[in-house]
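Close look at the chain arrangement
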Amino acid sequence: MNTNRRGTTTNRTTATLILGAATLTTGLMAGTFFIFACAVMPALSRSDDRVFVQVMRDINDVIQNPLFLSVFMGALLLCAAAAWQARTENHRWWTWAACAAYALTFLLTVAGNVPLNDQLASTTASAATAREHFEDAWVAWNAARAVLSTVALALLTGALLRQGRPTTARSAHADAVTV
């Protein structure tokens, strides 16, 4: 970090922007997983097997777009960048914990939901069989990533609230003297 006042202010502004962007993108992903958990999947559970399979195939096809993928990947990269920038700050543990929670969300998606999506897309089994092998597992993986991404969002919000606060009375006094 630069020692001059302007450099420190620039670094803090950049760190705040990155932490804010990590919070925003993580919130968007938490909302996506939440809406699937409490609206999309319960609504689809009322559908017959053929409709369920076709709608899930359609969702899995259209969700693979640049905007979604940039937010999904961006949340991970921004969390990592925010955690790195916070490594000497008082909110570092909040940021690192958020990064870990979102990294687990990412891993669950890649290791759990995506393989199920791919299997559903390529299966030649009947709609009833395809749904039977897909629905319960996908819903469980999604519930886990909804919880983890919400935890990450809460932790990033906590980091934002703590960012810039002095860690001890001594550093508070030092900050007051340099102002």
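First, a word on scope: everything that follows refers to the structure included in this document.

What counts as what
Residues numbered from 1 in each chain as written. Predicted model: local features only at pLDDT ≥ 70, side-chain atom pairs only at ≥ 80, totals over all residues. Heavy atoms only, no water. Helix = DSSP H or I, 4+ residues; strand = E, 2+ residues; numbered from the N terminus. Buried < 20%, exposed > 50% of the residue type's maximum accessible area, 1.4 Å probe, protein only. Contact = heavy atoms within 4.5 Å. Areas by Shrake-Rupley, 256 points an atom, 1.4 Å probe, with all protein chains shown as cover. Expected span 1.5 Å × (residues − 1). Bend = angle between axes of the 7 residues up to and from the residue. Patch = residues over 30% accessible without salt bridge, like charges linked within 9 Å, V, L, I, M, F, W, Y side chains within 5 Å. Salt bridge = Lys/Arg side-chain N within 4 Å of Asp/Glu carboxyl O. Axes fitted to C-alpha atoms, helices over the stretch in contact; angles between N-to-C directions. Parallel < 35°, antiparallel > 145°, perpendicular 65-115°, else oblique. Left-handed = near helix turned anticlockwise from the far one by under 90°. Nonpolar A, V, L, I, M, F, W, Y, C, P; charged D, E, K, R; others polar. Core = buried A, V, L, I, M, F, W, Y, C linked by side-chain atoms within 4.5 Å.

What follows covers the overall build of the protein. On a plain count of helices and strands, the protein comes out with six helices and zero strands. For the protein, the sequential pattern of α-helices and β-strands runs α-α-α-α-α-α. A burial count over the protein gives 33% of its 179 residues as buried. Counting contacts in the protein only where the partners sit at least 6 residues apart, residues at least 24 apart contribute 78% of the total. Total accessible area on the protein stands at roughly 10,300 Å², and carbon and sulfur atoms take up 65% of it.

A separate point is helix α5 (residues 127-162). Across its 36 residues, α5 extends 50 Å between first and last C-alpha, which sits within 8% of the 52 Å expected from 1.5 Å per residue. At Phe-134, α5 shows its maximal kink, close to 30°. Looking one or two residues past α5, Gly-164 carries a phi angle of roughly 85°, positive in sign.

For the rest of this paragraph, the subject is a nonpolar patch on the surface. Taken together, the side chains of Trp-84, Trp-93 and Trp-96 present a nonpolar region at the surface, about 420 Å² in accessible area. Of note, Trp-96 is situated in helix α4 (residues 92-122). On the accessibility criterion, Trp-96 (37% relative accessible area) is partly exposed.

A few words on the packing of helix α2 (residues 49-62) against α4. Contact pair α2 / α4: the axes reach a minimum separation of 10 Å and the direction vectors enclose 120°. Looking at the two axes, α2 sits oblique to α4. The interaxial crossing formed by α2 with α4 has left-handed handedness. Residues Val-53, Met-56, Arg-57 and Asn-60 of α2 pack against Asn-117, Leu-120 and Ala-121 of α4. Grouping the constituent residues of the contact of α2 with α4 by class yields four nonpolar, two polar and one charged.

Our next topic: the nonpolar core. Judged by nonpolar contacts, the single largest core of 23 residues is most densely connected at Met-29, Phe-72, Cys-79, Tyr-102 and Leu-156. At the level of elements, α1 (5-44), α3 (66-85), α4 and α5 are the ones that each hand at least two residues to this core. It is α3 that contributes the most residues to this core, eight residues altogether. What Tyr-102 contacts, discounting residues up to four positions off in sequence, is Thr-26, Met-29, Phe-72, Ala-75, Leu-76, Cys-79, Ser-149 and Ala-152. Counting residues in hydrophobic clusters, the runner-up holds twelve residues, among them Leu-44, Leu-116, Leu-120 and Phe-134.

One way to put it is that α3 packs onto α4 with a least axis distance of 9 Å and a crossing angle of 155°. By the angle class used here, α3 and α4 are roughly antiparallel. You can see that α3 and α4 cross each other, and the crossing is left-handed. The residues of α4 that touch α3, namely those facing Phe-72, Met-73, Ala-75, Leu-76, Cys-79, Ala-80, Ala-82, Ala-83 and Trp-84, are Thr-95, Trp-96, Cys-99, Tyr-102, Ala-103, Phe-106 and Thr-109. Residue composition of the contact of α3 with α4, grouped by class: 14 nonpolar, two polar and no charged.

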